[in-house]
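# What the coordinates show
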Amino acid sequence: MTTKIRNVTAVLSLLAVLGGAALWFMGGEGALVNFETGFFSAVLVLAASGFGYWQMVQGSAESTPHHDLPDETERIEDRFGLWEEDLSETEPEDVSRLLKEERKRSKKGRRDFKTFLKTTKPALSLYRFGAYAVLVYAVFKLISAEAFEPVYYLIGAGAAPLGTAVTLWLMNRS
């Protein structure tokens, strides 16, 4: 794991220097500032997302699963719950009681709010909120300084995840 982090860090550092230099020669100081701002904002978001995910995996490895959802293969094989109940030969005495039981059984498969919060824990990470706040603040700061050039900013913001993805793909391939 640390080898992957080192390799990704090295590639991103090289990409920041080479990409910034190339855009500085092509577009000047404004292009360099926008590229580096977008690049480092995106790196911060990637790092915060990765760290939040790592914490979730570490926490769930030490405890029971973080959700109480049914197994997906069982749900697909028995989509309508035909094999769950004990089939008896007797006829139902009261149709309204049968409908109430079926409604209760169908509600059991739904996700409640507590389950929703448990499964969305990585998306609600404070690290990610902080990283996105820095990203938004950087854009507003560039706009207020009248130095925002969206093309160069988007090149920088796209280079970070693309560089990370290519590096990890090449590492897993070999």
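Residues numbered from 1 in each chain as written. Predicted model: local features only at pLDDT ≥ 70, side-chain atom pairs only at ≥ 80, totals over all residues. Heavy atoms only, no water.

## Overview of the overall build of the chain
Broken down by element type, the chain carries seven helices and zero strands. Of the regular secondary structure in the chain, the N- to C-terminal order runs α-α-α-α-α-α-α. The proportion of buried residues among the 174 residues of the chain is 21%. Considering only intrachain contacts with a sequence separation of at least 6, the fraction spanning at least 24 residues in the chain is 75%. (Helix = DSSP H or I, 4+ residues; strand = E, 2+ residues; numbered from the N terminus. Buried < 20%, exposed > 50% of the residue type's maximum accessible area, 1.4 Å probe, protein only. Contact = heavy atoms within 4.5 Å.)

## Let's talk about the layout of surface pockets
Roughly 650 Å³ of internal volume is contained in the largest pocket. Along the walls of the largest pocket sit 19 residues, with Ile5, Val8, Leu46, Ala47 and Gly50 positioned nearest its centre. Counting residues per element, the ones that place at least two in the lining of the largest pocket are helix H1 (2-27), helix H2 (29-61) and helix H7 (150-173). In terms of residue class, the lining of the largest pocket is built from 14 nonpolar, four polar and one charged. (1 Å grid on protein atoms, 1.4 Å probe; cavity = no way out; pocket = protein on both sides within 12 Å on 5 of 7 lines; lining within 4 Å. Points joined across faces, edges and corners; volume = space filled by probe spheres on them. Nonpolar A, V, L, I, M, F, W, Y, C, P; charged D, E, K, R; others polar.)

## Things to note about the side chain of Asn34
With respect to the helices, strands and loops of the structure, Asn34 is situated in helix H2. Separated by 2.7 Å, the side chain of Asn34 and the backbone oxygen of Gly30 make a polar contact. Contact partners of Asn34, with chain neighbours within four places excluded, come to Leu142, Ala147, Phe148, Glu149, Tyr152 and Tyr153. (Polar contact = N/O pair within 3.5 Å; in protein donor to acceptor, adjacent residues only side chain to side chain.)

## Comments concerning the packing of H1 against H7
Contact geometry for H1 and H7: axes closest at 9 Å, N-to-C directions at 145°. Both H1 and H7 take part in a crossing whose hand is right-handed. Here Thr3, Lys4, Asn7, Val8, Val11, Leu12, Leu15, Leu23 and Gly27 of H1 come into contact with H7, specifically with Tyr152, Ile155, Ala159, Ala160, Gly163, Thr164, Thr167, Leu168, Met171 and Asn172. A breakdown of the residues in the contact of H1 with H7 according to their chemical character gives 11 nonpolar, seven polar and one charged. (Axes fitted to C-alpha atoms, helices over the stretch in contact; angles between N-to-C directions. Left-handed = near helix turned anticlockwise from the far one by under 90°.)

## Section: the nonpolar core
Phe35, Phe39 and Tyr153 are the most contacted members of the largest nonpolar core, which has 14 residues in total. Looking at this core, the elements that each hand over two or more residues are H1, H2, helix H6 (126-144) and H7. Ignoring anything within four residues of it in the chain, the contact list for Phe35 reads Leu15, Ala16, Gly19, Gly20, Leu23, Tyr152, Ile155, Gly156 and Ala159. (Core = buried A, V, L, I, M, F, W, Y, C linked by side-chain atoms within 4.5 Å.)

## Description of the packing of aromatic side chains
In the structure shown here, the tally under the stated rule is five aromatic pairs. Taking the centre distance of 5.3 Å and the plane angle of 45° together, the rings of Trp24 and Phe25 count as tilted. Judged by its relative accessible area of 43%, Trp24 falls in the partly exposed class. A centroid spacing of 5.5 Å and a plane angle of 85° characterise the contact between Phe39 and Phe40, whose relative ring orientation is edge-to-face. (Phe/Tyr/Trp six-rings, centres within 6.5 Å; stacked < 30°, edge-to-face > 60°.)

## Some words on the confidence of the model for the chain
Segments scoring low in pLDDT should not have their predicted coordinates read at a detailed level. Averaged over all residues, the pLDDT of the chain is 79; the fraction at 70 or higher stands at 71%. Element-level mean pLDDT values for the chain span from 61 in helix H3 (residues 72-77) up to 92 in H6. (pLDDT = per-residue confidence, 0-100.)

## A short note on H1
Over its 26 residues, H1 runs 36 Å from end to end, which matches the ideal 38 Å to within 8%, given 1.5 Å per residue. Those residues of H1 that fall on the buried side of the exposure criterion are Val8, Leu12, Ala16, Gly19, Gly20 and Leu23. Positive phi appears at Gly28, one or two residues downstream of H1, with a value of about 90°. (Expected span 1.5 Å × (residues − 1).)

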